[in-house]
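Close look at the chain arrangement
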Amino acid sequence: MDFKTFVIDRHRHLKWAALDPLENTLMVLCGISIAGFTFSVFLDVVTRELGGAILWLQLVTTGFFAWGVFIGMAVATRRIDHLNLVEITKQMSGGKRTFMEVFNRLVILAVALAMVVFGVQNFMNDLGSFRAPSLIPLATYTASVPISGALIVLFCVEQLINGWNRGFEGPEDRDDFAGIVT
Amino acid sequence: MSNGAILLLMTALFLFFGYMGVPVAFALMAGVLTACALTPISMQSMIGQMFHGIDSEILLAVPFFLLVGELMTSANVTNRMIRLAQTMVGHMRGGLAQVVTLFSMFFAGISGSSTADVAVLSRTVAPEMTKEGYDRAFTAALIACASTMANLIPPSIMAVVYGATGNVSIGGLFLAGIAPGVVVGIGLMIYSHFFGPIGVKKARASLCDFADAARASALPLMIPLIIMGGILTGWFTPTEAGMVACVYIIAVLVPLLSRSHIPKLPRDFVYTGLLYSIPLALVAAASAFGWMLAYLRGPDIVSGWIEIIAGHDGRIIMLLLVLLFIVIGDFMDAVPAIIIFMPIVIKLNELGNIKPLHMGVVLITTLVFGLITPPYGLSLLVASKFVGVAFSRAMWASLPIYVVFFVAIGFTVLFPDVVLYLPKLFLPESVGCFKSPTGAGYICPP
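Just so it is clear, the model here is predicted, and its values are computed rather than measured.

For chain A, the helix and strand inventory stands at six helices and two strands. Based on the C-alpha atoms only, the size of chain A along its principal axes is roughly 65 × 35 × 30 Å. Here chain A holds 182 residues, and the buried ones make up 57% of them. If you take every contact in chain A between residues at least 6 apart in sequence, the share linking residues at least 24 apart comes to 72%. Here chain A holds 14 positive side-chain charges and 16 negative ones, and the gap between their average locations is 3 Å.

Inspection of every chain in the model, using the stated rule, returns 22 aromatic pairs over all chains. Ring centres of A:Phe65 and B:Tyr276 lie 5.8 Å apart, and the angle between their planes is 10°; this geometry places the pair in the stacked category. Here B:Tyr276 lies in helix α14 (residues 265-295) and A:Phe65 lies in helix α2 (residues 56-79), a pairing that spans two chains. Note on accessibility: A:Phe65 and B:Tyr276 belong to one class, buried. Here the aromatic residues A:Phe37, A:Phe65, B:Phe64 and B:Tyr276 are joined through ring pairs into a cluster of three or more. The lysine or arginine in question, A:Arg131, covers the ring of A:Tyr141, its NZ or CZ lying 4.6 Å from the ring centre.

With that settled, the discussion passes to the packing of helix α7 (residues 114-131) of chain B against helix α19 (residues 378-387) of chain B. All names here are of chain B. Orientation of α7 relative to α19, taken along the N-to-C sense of each, is 25°, at an axis distance of 10 Å. If you check the angle between α7 and α19, you find them roughly parallel. Judged by the twist between their axes, the crossing of α7 over α19 is right-handed. Here Ser114, Thr115, Val118, Ala119, Ser122 and Ala126 of α7 lie close against α19, whose contacting residues are Ser379, Val382, Ala383, Phe386 and Val387. Here the residues of the contact of α7 with α19 are counted per class, giving seven nonpolar, four polar and no charged.

Detailed reading of predicted coordinates is not advised where the pLDDT is low. Scored by pLDDT, chain B comes out at a mean of 90, with 100% of its residues at no less than 70. We note a pTM of 0.87 for the whole complex and an ipTM of 0.93 for its interfaces.

So, on to the interface of chain B and chain A. Every contact between the two is made by 61 residues of chain B and, on the other side, 65 residues of chain A. When chain B packs against chain A, the two sides together hide about 5,700 Å² of surface, and 77% of this comes from carbon and sulfur. When the area that chain B buries against chain A is broken down by residue, the three leading residues are B:Phe26, B:Gln44 and B:Phe51, summing to 13%. The interface formed by chain B and chain A includes two salt bridges. A salt bridge links A:Arg48 to B:Glu240; its shortest N-O distance comes to 2.7 Å. Counting across the chain B and chain A interface gives nine residue pairs in polar contact (both at pLDDT 80 or more). When residues of the side of chain B that touches chain A are traced back to their parent elements, those giving at least two are α1 (3-20), α2 (24-37), α3 (43-54), α4 (61-74), α7, α13 (238-257), α14 and α19 of chain B. Counting residues per element, the side of chain B that touches chain A draws most heavily on α14(B), which supplies 15 residues. Within the side of chain B that touches chain A, the residues separate by chemical class into 45 nonpolar, nine polar and seven charged.

Quick look at the nonpolar core now. Residue and element names in this part refer to chain B. Met72 and Tyr162 are the most contacted members of the largest nonpolar core, which totals 225 residues. For this core, the element with the most residues is α14, which contributes 18 residues. Discounting residues that sit within four places of it in the chain, Met72 has contacts with Val77, Thr78, Met81, Phe107, Ile110, Pro220, Ile223, Ile249 and Leu253.

On to empty space enclosed by the protein. Residues and elements named next belong to chain B. Applying the stated criterion across every chain yields a total of three cavities of 30 Å³ or more. Roughly 40 Å³ of internal volume is contained in the second largest cavity. As for the second largest cavity, its lining consists of Asn151, Leu152, Ser156, Ala159, Leu173, Gly177, Val361 and Ile364. Within the residue set of the lining of the second largest cavity, elements represented by two or more residues are α10 (170-195) and α18 (356-369). Here the residues of the lining of the second largest cavity are counted per class, giving five nonpolar, three polar and no charged.

Here we come to the environment of B:Phe26. Looking at the secondary structure, you find B:Phe26 in helix α2. Considering only alpha carbons, one finds B:Phe26 and B:Thr233, 207 residues apart in sequence, at a separation of 41 Å. Setting aside its immediate chain neighbours within four residues, B:Phe26 contacts A:Met73, A:Thr77, A:His82, A:Ile108, A:Val111 and A:Ile152.

Cut-offs applied
Residues numbered from 1 in each chain as written. Chains lettered and ligands numbered in written order. Predicted model: local features only at pLDDT ≥ 70, side-chain atom pairs only at ≥ 80, totals over all residues. Heavy atoms only, no water. Helix = DSSP H or I, 4+ residues; strand = E, 2+ residues; numbered from the N terminus. Buried < 20%, exposed > 50% of the residue type's maximum accessible area, 1.4 Å probe, protein only. Contact = heavy atoms within 4.5 Å. Lys, Arg positive; Asp, Glu negative; His and termini not counted. Charge placed at Lys NZ, Arg CZ, Asp CG, Glu CD. Phe/Tyr/Trp six-rings, centres within 6.5 Å; stacked < 30°, edge-to-face > 60°. Lys NZ or Arg CZ within 6 Å of the ring centre and 35° of its normal. Axes fitted to C-alpha atoms, helices over the stretch in contact; angles between N-to-C directions. Parallel < 35°, antiparallel > 145°, perpendicular 65-115°, else oblique. Left-handed = near helix turned anticlockwise from the far one by under 90°. Nonpolar A, V, L, I, M, F, W, Y, C, P; charged D, E, K, R; others polar. pLDDT = per-residue confidence, 0-100. Buried area = accessible area lost by both parts, 1.4 Å probe. Salt bridge = Lys/Arg side-chain N within 4 Å of Asp/Glu carboxyl O. Polar contact = N/O pair within 3.5 Å; in protein donor to acceptor, adjacent residues only side chain to side chain. Core = buried A, V, L, I, M, F, W, Y, C linked by side-chain atoms within 4.5 Å. 1 Å grid on protein atoms, 1.4 Å probe; cavity = no way out; pocket = protein on both sides within 12 Å on 5 of 7 lines; lining within 4 Å. Points joined across faces, edges and corners; volume = space filled by probe spheres on them.

Written as structure tokens, this is what we have:
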């Protein structure tokens, strides 16, 4: 397994090779998160049935789950796997296409920046909040939001620069579901 | 600016960004953050709401049911169920079309994902159908329509999201979804028999063949029993039942039926890890949108409009909501639709004195119809891509099949006693019944 095992080649023209190891790492973390909470729910059920329920396992479970969602949200941005209402940009070309793609990424960028700025504020506030029974700081969970936002900003900038220089059109425009479903 | 105007602006911005091609999760948040700028609500609290929207143990069932589908599909265990379906209905008129529907009913009992169902059928049965001369457009339309049963027959991801957001019993929703799921299945089989292509006539499978196929499928078909048995006996929550099904596949099915797949299990986890985050990112954003909608008194405004037309008549309210959700389902994914409109649904349940479980199953049946209607018919889009036919052709082929869904929706609205029979029998509390003070049986409201 190398650092590109889980990197998808779709939209290669919008990607920097230097960020491939990051995409790969994030994909592995997605796998670890689902494996992690599968195992923790399993342990939760087993210990409960054995009469010695471990309450903090539920905190571990929700932690893996929340981190998995926000890491996945970031990596789905790089892989262009998020769900869209329509795929109209893929039928366009030239300046119109560039305008639409840039506009869309600027909207994503704005939301991601809000996730960073306000997510950090929430993180700071949550340093003083604790989750029972093991009194884990809530901030260990909510840190996932600004980190996800920062990664989305990074991937958006990557796509904007590469798309501006090389154009947004690619051979995968006609195969827009291949990444998610297979 | 009045609340109504901000509400309209927020919704219009979401739709504008969404139709410009911004991913749904970001389009929703862009609308919410703009609304924040016009209200005393801080953007910080709305970003926080994204986290709180997914901070729920119940929603863990979503990745588990997706993982079940991914494991079953990638380990090729599903081929055994396809063979069982072939021995049961392959000899009928339009045999492979019947196989598609029957397999989808089996698969729906294992996975909660319509997309996984489409992926399996498009790779396995669709090439056979093309060889036998079935029109590709019909094949894509039928696969897409049959895949909707994955969200009706338990386990259903839509039911999990609906139950988690609306505080409705997920076990009850699972049981209530069986009736409309079976209606859709039988409807598709009747349609294929009378109006579908004839296909190649085959001999009826012998009893031995059927017994062999049933034996080969016995282990995979244990999964619905594990899931529903665990929930109904009170051993597991729906989330835990999903986990137990995953463990069963990894520890029993794969080693026994597809040993060569063991080294590929980490890959399944990685891809499912990504796969589950996509709808849950929508849940996070839709939860912030729904919160803002409630703050702006959206439920009061919409229920006010509906009250003018329907008064307090529960059936008319339900009918109006069905019409509204048919339109919404055409333009939006079901998961954010459920979360965004939940405050309105709850308000209307109170207005019309409607059982939340009944409303839930009606709306889920309506929203699965949205999976095959343009422009945002996700199952039809994926099926047409995989089968290799233009979306417009697949859409035309699916138009007559809409009748099946209208019948299923009508049935669900008009016959609550039939739809709620199983929940009332196995989970009486889910339909509002409570234990008799004498300790014998349950008292149920009319």
